[in-house]
Every structure is written in structure tokens, then in C-alpha cells.
Amino acid sequence: DLALDLWWSWHPHARNVFRRLDYTLWRATAHNPVRMLRLLPPAELEAVARDPAFLDLYDRALRDLDPTRTSTKSWWSERVPAMPGRSIAYFSAEFAIHQSLPIYAGGLGVLAGDICKEASDLGLPLLGVGFMYPQGYFHQQVSADGWQQESYERLNWADAPVTPAVTPGGRPCVVTVPLGSRTVKVAVWRVRLGRTKLYLLDTGLEENAPWDRELTARLYGGDTETRVQQEIILGIGGVRALRAMGANPVVWHLNEGHAAFVVLQRMREMIEQGRSFEATLAEVRRTTGFTTHTPVPAGHDTFPFQLVDSHLAGCWGTLGSHREAFLSLGHYDNGSGPRFNMT
């Protein structure tokens, strides 16, 4: 239970449980307790189960973890006691929590990971949404003549601190996302971070076409068309995943423009409930937070309008009559012609 909750990764006494268990194996597994427990000889577990000093360390870690998960005596519960059952959604293309879950490239992921950790410590009801990249980000090598060479390493699922997300009805969470004229199925994985839950989207299902299985294979991989499809999966699929999990966030925070299609899905939901486009737009603006982490042009995705329009073809629903008004929200021209800017 402790190994599958990455809360241990930023609490030293919880890390010490695994360091004390078998320090050599701890180092050999690159500090991955899930893999470590899989490799540990049963005799070693039996030995520490009779060690009072180890059991004291173990019990202390669990005593600290339990109230963190329930957040009954947290900063949040003391200051916002009137919001039981509500949550804050936090969308990001990457989350850096720990090296045993290599779904990050750099600073954007570190920011997202640290916010998840601090939210847990404060007791905020944060729900992170991102991608479960089985090939992660590339490992960099430099050739003898100084050129970067990228290599990808496939994640061993048995060693990852993830479990399938389960809906309130007890079924594995799988949602569908329209992409152009087809539909893609998206599985959802859960990562525990103390109080925080992180939901990771995965299109690597047998029911999907081979090229659709690759949409969530790598972080920042593929061409422009792959990227826009990824971002439709993240935004629209992420909202649908939270709905399937029974979540009703009061605030939706977008970490960079990668998740901007969250806005489209939320507007579609409200318009289908009978609200006007103007009222829907005002409500979404009021309840959306946004972080610009990389304030240079290369950090902001832009796409040809025709490409965005073709892949959003099945996503509009009753919002379709306001399609031009929605697309105009992303209109941007840096002098080389208009494009759809996710920011």
C-alpha cells in the first residue's frame, strides 16, 4: 500500500522504510519500491516483520499517511469546511512525481508534480489529469561528433506505481473520444499521491487502431497532426474521465495550452443543458485557471485551422452552431498567417 502511494517520495521517514528494508536493492532498483518488493526474497520480509525498530518506522509512516489521505485535519478542511465532495481539476501534459513514473521531460512537469505534492500536504481536493506514456520521454545520448541521439525505453507496467482507475460502479474507467470521423477508446490509470489523485489517460487498447494506440505512447512525440490529436484526447477525454469517475470540479486549472480543449468539452456540456453560448463562456471563464509556464513562442502550440477543424469534427454536439465563435477564441496571427493558438 505504501509503495503504490508516491506520497513516500517526498516524505523522508517514509522513504526510510524502503532504505532500511534492503539498501542494496533500493539502490539497484533506482529507488523504485514497487520493483523492489517484487524482487525482495520473502525471507527478508519475514525478518523485518520481527524487527521492532523497523516496525516502528513502518507504523510511523502509515500513521502519517492515513490522515493525509482523509485530510480531516488539514489546512483546507479548516479554511473551506463547506465544500465536501467538490474538487479542483489540474490538467497538464506531464507530471514529474518520481523517476519510477517517467512521464515528464522538464520544468513544466516538475511544476505540476510539486503542485500535486503541496496540494496533498495542504489537503486540497486536487485531481490531476495527464497522460500515461508507456515510452515516456526520450533518453538523451550525445554522439562522438556532438549530435543528440534519442532512445525510448518502454515502461514495465509491473514496476510502475499505477493501478487501473475504477468508476463508482466498480468498473474499469474507459471513455471514448471522437477524433475526426472515428472514435478512440481511452483507458484511465490512477496514481495515488497522498490526498491527491492523478488520473492518466492511455489509448494503448487493443480495440483501437494501431496508429491510435500510439497517440499516448510518448511525451511530445510525433508530428503536428499527432500533437493536435493528443491535445484533443487530453482536454476532451480528460473531462469525460473525470465525469466517469463521478468528479464535479469547482475549478479547472490548465497548465499551459496543451489542455485548452477542456474548455470546448465543458462548453458543450453546458449548452446541452440549455444555457446560451454567452452565459456558458462567462461561466467557463469564471471557473478556469491557467498557467503560462514557458513564455516564449516555442512553448505555445499553434495549428492550422483546417487541421483543428477536421479532428474536432465529432466533438461539437450542440456546440456546433457556435463553432465559428469558439474557433475565433484561438485566432492568432504572428505575421505569417492566422492559426489556432492553444494558449
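Throughout what follows, the structure given in this document is the object of discussion.

**Quick notes on the pairing of strand 4 (residues 148–151)**
Logical step 1: Strand direction decides the pairing type here: strand 3 (residues 139–142) and strand 4, joined by four bridges, are antiparallel. Within strand 4, the residue paired with V142 across the bridge is Q148.
Logical step 2: Taking the residues that link successive antiparallel strands as the turn, the strand 3-strand 4 hairpin has five residues, and the phi of G146 there is positive, at about 90°.

**Some thoughts on the pairing of strand 7 (residues 182–193)**
Logical step 1: With two bridges joining them, strand 5 (residues 163–164) and strand 7 adopt antiparallel strand pairing. Residue pairing across strands places P164 opposite W189, the latter belonging to strand 7.
Logical step 2: Inspection of the sheet shows strand 6 (residues 174–179) paired to strand 7 by six bridges, in the antiparallel sense. Pairing of V174 across the sheet is with A187, part of strand 7.
Logical step 3: What sits between the antiparallel neighbours strand 6 and strand 7 is a turn of two residues, in which G180 has the positive phi angle 60°.

**What to know about the packing of aromatic side chains**
To describe a pair of aromatic rings, one takes the distance between the centres and the angle between the planes.
Logical step 1: One pass over the full model with this rule turns up 10 aromatic pairs.
Logical step 2: When the ring of W8 is compared with that of F18, the centres are 5.8 Å apart and the planes differ by 70°; the resulting orientation is edge-to-face. Pair noted here: W8 is in the segment before helix 1 (12–21) and F18 is in helix 1, with a separation of 10 residues, a long-range link.
Logical step 3: Under the relative-accessibility criterion, W8 is labelled buried at 1%.
Logical step 4: Each ring, one from W8 and one from W26, has its centre 5.7 Å from the other, and the planes form 70°; the classification is edge-to-face. Here W26 lies in helix 2 (residues 23–28) and W8 lies in the segment before helix 1, a separation of 18 residues in the sequence.

**Regarding the pattern of salt bridges**
Logical step 1: One pass over the structure, following the stated rule, counts 12 salt bridges.
Logical step 2: A salt bridge links R79 to E78; its shortest N-O distance comes to 3.6 Å. For the pair formed by R79 and E78, the shared burial category is exposed.
Logical step 3: Here R323 makes a salt bridge to E324, at a shortest N to O gap of 2.9 Å.
Logical step 4: Accessibility expressed as a relative area gives 26% for R323, which makes it partly exposed.

**Section: empty space enclosed by the protein**
Logical step 1: On inspection of all chains with the given rule, the structure shows two cavities of 30 Å³ or more.
Logical step 2: By volume, the largest cavity amounts to about 60 Å³.
Logical step 3: Residue lining of the largest cavity: A93, F131, Y133, Y220, R227, Q230, E231, L234 and H258, and that is the complete set.
Logical step 4: Per-element tally for the lining of the largest cavity: the top contributor is helix 9 (residues 224–244), with four residues.
Logical step 5: A breakdown of the residues in the lining of the largest cavity according to their chemical character gives five nonpolar, two polar and two charged.
Logical step 6: Considered as a void within the structure, the second largest cavity measures approximately 30 Å³ in volume.
Logical step 7: In this structure, the second largest cavity is lined by E231, E256, G257, H258, G299, H300, D301, M342 and T343.

**Quick notes on the nonpolar core**
Logical step 1: Judged by nonpolar contacts, the single largest core of 95 residues is most densely connected at F91, L201, L242 and L312.
Logical step 2: Residue contributions to this core peak at eight residues, all from helix 9.
Logical step 3: Non-local contacts of L312, meaning those with residues more than four positions away in its chain, are made with I232, I236, F261 and L264.

**Details of helix 10 (residues 261–272)**
At 3.6 residues per turn, the α-helix brings residues three or four places apart onto the same side.
Logical step 1: When the terminal C-alpha atoms of helix 10 are compared, their 17 Å separation across 12 residues agrees well with the 16 Å that a helix rising 1.5 Å per residue should span.
Logical step 2: The buried count for helix 10 comes to 11 of 12 residues, which makes it a mostly enclosed element.
Logical step 3: Those residues of helix 10 lying buried are F261, V262, V263, L264, Q265, R266, M267, R268, E269, M270 and I271.
Logical step 4: G274 occupies a position one or two residues after helix 10 and carries a positive phi of about 100°.

**Some thoughts on the sheet that holds strand 12 (residues 331–333)**
Logical step 1: Strand order in the open sheet made by the three strands is 11-13-12, with antiparallel pairing throughout. The open sheet has two edge strands with one neighbour each: strand 11 (302–303) and strand 12.
Logical step 2: Bridging between strand 12 and strand 13 (residues 338–341) involves three bridges; their strand directions are antiparallel. Bridge assignment links D333 to a residue of strand 13, and that residue is P338.

Conventions used here
- Residues numbered from 1 in each chain as written.
- Predicted model: local features only at pLDDT ≥ 70, side-chain atom pairs only at ≥ 80, totals over all residues.
- Heavy atoms only, no water.
- Pairing = 2+ DSSP bridges.
- Helix = DSSP H or I, 4+ residues; strand = E, 2+ residues; numbered from the N terminus.
- Phe/Tyr/Trp six-rings, centres within 6.5 Å; stacked < 30°, edge-to-face > 60°.
- Buried < 20%, exposed > 50% of the residue type's maximum accessible area, 1.4 Å probe, protein only.
- Salt bridge = Lys/Arg side-chain N within 4 Å of Asp/Glu carboxyl O.
- 1 Å grid on protein atoms, 1.4 Å probe; cavity = no way out; pocket = protein on both sides within 12 Å on 5 of 7 lines; lining within 4 Å.
- Points joined across faces, edges and corners; volume = space filled by probe spheres on them.
- Nonpolar A, V, L, I, M, F, W, Y, C, P; charged D, E, K, R; others polar.
- Core = buried A, V, L, I, M, F, W, Y, C linked by side-chain atoms within 4.5 Å.
- Contact = heavy atoms within 4.5 Å.
- Expected span 1.5 Å × (residues − 1).

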